[in-house]
Amino acid sequence: MTSAMTRNQVVAFIVAVVVCLFLILAGFNPVTDLLARWASPAFVDAVAAFSVMTHFDGFQKGVIDSRDVVFFLSVIVFALFATAVIIRGHRAG
């Protein structure tokens, strides 16, 4: 998706690393504690729900939870959909 957004592959790599870092760090306690200082608890919970690590914990224990599978599938579908929209936009314009 990030490669489709930019023409420069280095910029696409950096943006992809930042997005992946957000998806990993979103659920860590130091990050949520920092967010809790200035944001509402509902916002902190919403950001923490995007954490890949919290959804991966069940897989590490050998438990396949449908909520975790749906989360990963929805991230994949969103990225593919966004890529298709971006590529269509480049072709049209």
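**Examining the packing of helix H5 (residues 52–61) against helix H6 (residues 66–92)**
Then, number 1: Between H5 and H6, whose axes approach to 9 Å, the crossing angle comes to 135°. Relative to H6, H5 is oriented oblique. Along this stretch, H5 crosses H6, giving a crossing that reads as left-handed. Together, Val-52, His-55, Phe-56, Gly-58 and Phe-59 of H5 and Asp-68, Val-69, Phe-71 and Phe-72 of H6 make up the contact between the two elements.
Then, number 2: Tallied by class, the residues present in the contact of H5 with H6 amount to six nonpolar, two polar and one charged.

**Some thoughts on the side chain of His-55**
Then, number 1: Along the polypeptide, His-55 turns up in helix H5.
Then, number 2: By relative accessible area, His-55 is classed as buried at 15%.
Then, number 3: Those residues in contact with His-55 that lie beyond four places of it in its chain are Ala-49, Asp-68, Phe-71 and Phe-72.

**Description of H5**
Then, number 1: Of the residues that open H5, the one with a side-chain oxygen 3.3 Å from the backbone nitrogen of Met-53 is Ser-51.
Then, number 2: One or two residues past the end of H5 sits Gly-62, with phi positive at roughly 90°.

Calculation criteria
Residues numbered from 1 in each chain as written. Predicted model: local features only at pLDDT ≥ 70, side-chain atom pairs only at ≥ 80, totals over all residues. Heavy atoms only, no water. Axes fitted to C-alpha atoms, helices over the stretch in contact; angles between N-to-C directions. Helix = DSSP H or I, 4+ residues; strand = E, 2+ residues; numbered from the N terminus. Parallel < 35°, antiparallel > 145°, perpendicular 65-115°, else oblique. Left-handed = near helix turned anticlockwise from the far one by under 90°. Contact = heavy atoms within 4.5 Å. Nonpolar A, V, L, I, M, F, W, Y, C, P; charged D, E, K, R; others polar. Buried < 20%, exposed > 50% of the residue type's maximum accessible area, 1.4 Å probe, protein only. Polar contact = N/O pair within 3.5 Å; in protein donor to acceptor, adjacent residues only side chain to side chain.

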